[in-house]
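Summary of structural features
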Amino acid sequence: MTRLAYIRTWTYVTHRSDWTDNPIEWQDRARLIEDRLSDCLHNRLSERFVDKRAAYLSRRLKETKNLIASVKDDGMVLVEGEEVGQLEGFTFHPTVADGEDKAPILAAARRGLPDEIERRVRAFVASADPAFRLGLDGVIKWREAYVARLVKGDSVYAPRAELVSSDLLSNDQTQRMNKRLVMFIATHVEKILGSLVALEAPDVALVQSAQPQLETNPATVKTSINDKAIENSALERLDAEKPDAKTLVNNAADSSLTSMNVRTDTQNAASSEVGSKETQVALSGAAKGIAFILFERLGSVPTAEVVHLIRTMQENDKPRLARLGLRFGVETVYMPELLKPAQIDLRSLLFALSNGQFYDGTPPPAGRVAIDQIADVPDAYWLAVGYRRLGQRVMRVDMVERVAMLVRTAARGGHFKITEDMLSLAGATREQMGQMLLDLNCVVVGEEASEDPEKPPLQIFERKRKARPLQGDRADSENKRTGTRGKKGQNGQNRNFKFGDKPRPKQKRQTEKQPDPNSPFAVL
């Protein structure tokens, strides 16, 4: 524009005949330069504001209805050889800004991409589970393209997937993709949290885990095959011989089949007997309640919240629950199998979807057993992912049990101080450890001067004593746990003594009367 303004100034000068010696020549030269600058300006403005692709595609749409569309490996969409946009998954992103020139490009893409979209939908439905990737934010990617997002569903373990909005997908294609996503979610949850999902019906899980896997004996199979081969060869040889011998071979074969049937019936009877024994064995109501609470809480629950159920369990309930993966700690009832990174990530996602809120800085980094407390994250979240908040620290539940064991050992002698083992295991400072001990049922009873005068005094702790149940309540809970009733004798005492228990001392008999001194037998 500046050059054009300068040359127009020169054009004005050349038109003043008295200002130049040869005005006609200078006028022609100025007009030529101005024409060249105008053409250049026109081309620059056309490149900036006029899309030749839109004009070309618009003309092609008028000439023919079938446009040739193709997609490169990187997702670049070509219509009639022109780059019109990027196809990410099932969403088309035009490469032009919004405006009147965008309409013909979108029309060309919609009319040229149906075959490519249908091919991708078929590949999507036929893809195996490893082709999908579920992120910590609930985003589902297929071939590294964002295709869906998880939202709250009918239950904690069944979130619902919402496909990204796309004008290129038909209703039938959307339904087919939704069915595949439902299968992927169910399979993924079962694969990662299968032992936790089984706690919804613990009796069924116990029976399934106890079913005997009948293994076929290779020697028996080999023997039966050899017997069959010998039998066939014998029959072929005896075709030309006496019929009596052939009859003997047939009788021998019948006896062999009878013995095989007997062995099969014996195996079936043994398996049915084992199955009937497992069916007869069932968990008590208290054990089922604990299993279902863990199912609802995503695999962790404080022991104090289920201690009333633990006291009423039967003797064989704990081994059966242990077979299902439960571990009864002093502080927490949890499942060690769910403390792996993949399980923690999925539990975190399911909790966030169920409560409708994601928390920054969660879940904890893989392999970290203790981190600092994150603001605005509730204790229920940490428990759902297998962690416990103690003071200003968040620690994995299995490490909480180890720290609690050190505290109980130190508290046996009464008062105790924070040791280096506690600090090393918890990965905390003395101030943080002091706050953690307060959440581990300990109280500060005093202070002791530190050896270094510049350091703060050392706190002295004492563990709170839990109130023990009365003798009668303890006996009642023992009877409920063992499923027996206490037999009472004549004095109303419980006669259910265990082997090795010392009998209660009997009351002393009343003092015998002294002999009468006036009696003639007193001297004796």
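Let me sum up the structure you'll find in this document.

Conventions used here
- Residues numbered from 1 in each chain as written.
- Predicted model: local features only at pLDDT ≥ 70, side-chain atom pairs only at ≥ 80, totals over all residues.
- Heavy atoms only, no water.
- Helix = DSSP H or I, 4+ residues; strand = E, 2+ residues; numbered from the N terminus.
- Polar contact = N/O pair within 3.5 Å; in protein donor to acceptor, adjacent residues only side chain to side chain.
- Buried < 20%, exposed > 50% of the residue type's maximum accessible area, 1.4 Å probe, protein only.
- Pairing = 2+ DSSP bridges.
- Axes fitted to C-alpha atoms, helices over the stretch in contact; angles between N-to-C directions.
- Phe/Tyr/Trp six-rings, centres within 6.5 Å; stacked < 30°, edge-to-face > 60°.
- Parallel < 35°, antiparallel > 145°, perpendicular 65-115°, else oblique.
- Left-handed = near helix turned anticlockwise from the far one by under 90°.
- Contact = heavy atoms within 4.5 Å.

**A closer look at the side chain of Asp398**
Here Asp398 is to be found in helix α15 (residues 397–410). Looking at Asp398, its side chain comes within polar contact range of the side chain of Arg396, at 2.9 Å.

**Here's the deal with the environment of Leu193**
Relative to the assigned elements, Leu193 resides in helix α6 (residues 171–197). The class for Leu193 is buried, based on a relative accessible area of 0%. Remark: the alpha-carbon pair of Leu193 and Gly299, spanning 106 residues in sequence, is separated by 9.4 Å.

**Things to note about the pairing of strand β6 (residues 139–142)**
Relative to β6, strand β5 (residues 132–134) runs antiparallel, the two sharing 3 bridges. The residue bridging Arg133 from the neighbouring strand is Lys141, located in β6. Linking two consecutive strands that pair antiparallel, namely β5 and β6, is a turn of 4 residues; a positive phi of about 85 degrees is found at Gly138 within it. Two strands pair when backbone bridges link them, and β6 and strand β7 (residues 145–155) are joined in this way by 4 bridges, in the antiparallel orientation. Note that in β7 the partner of Val139 across the bridge is Arg149. Once β6 ends, the chain turns through 2 residues before running back antiparallel as β7, passing Arg143 with a positive phi of about 55 degrees.

**A look at the sheet that holds β5**
Strand order in the open sheet formed by 4 strands is β5-β6-β7-β8, with antiparallel pairing between adjacent strands. For this open sheet the edge positions go to β5 and β8 (158–163), each flanked by a neighbour on one side alone. Strand-to-strand twist in this sheet, taken as the mean axis angle between neighbours without regard to direction, amounts to 35 degrees.

**Considering the packing of aromatic side chains**
A complete count under the given rule lists 12 aromatic pairs for this structure. Ring centres of Tyr12 and Trp19 lie 6.3 Å apart, and the angle between their planes is 85 degrees; on these two criteria the pair is classed as edge-to-face. Each ring, one from Phe90 and one from Phe124, has its centre 5.9 Å from the other, and the planes form 80 degrees; the classification is edge-to-face. Note that Phe90 is positioned in the loop between β3 (82–88) and β4 (91–94) and Phe124 in helix α5 (residues 114–126), a separation of 34 residues in sequence. On the basis of relative accessible area, Phe124 is assigned to the buried category, the value being 0%. Here the aromatic cluster, defined as three or more aromatic residues joined through ring pairs, consists of Phe90, Phe124, Phe132, Trp142 and Phe184.

**As for the packing of helix α10 (residues 285–296) against helix α11 (residues 303–311)**
Between α10 and α11, the shortest axis-to-axis distance is 8 Å and the interhelical angle comes to 155 degrees. The angle between α10 and α11 falls in the class roughly antiparallel. As for the relative orientation of α10 and α11, their crossing is left-handed in sense. Facing α10, whose interface residues are Ala286, Gly289, Ile290 and Ile293, α11 presents Val306, Leu309 and Ile310.

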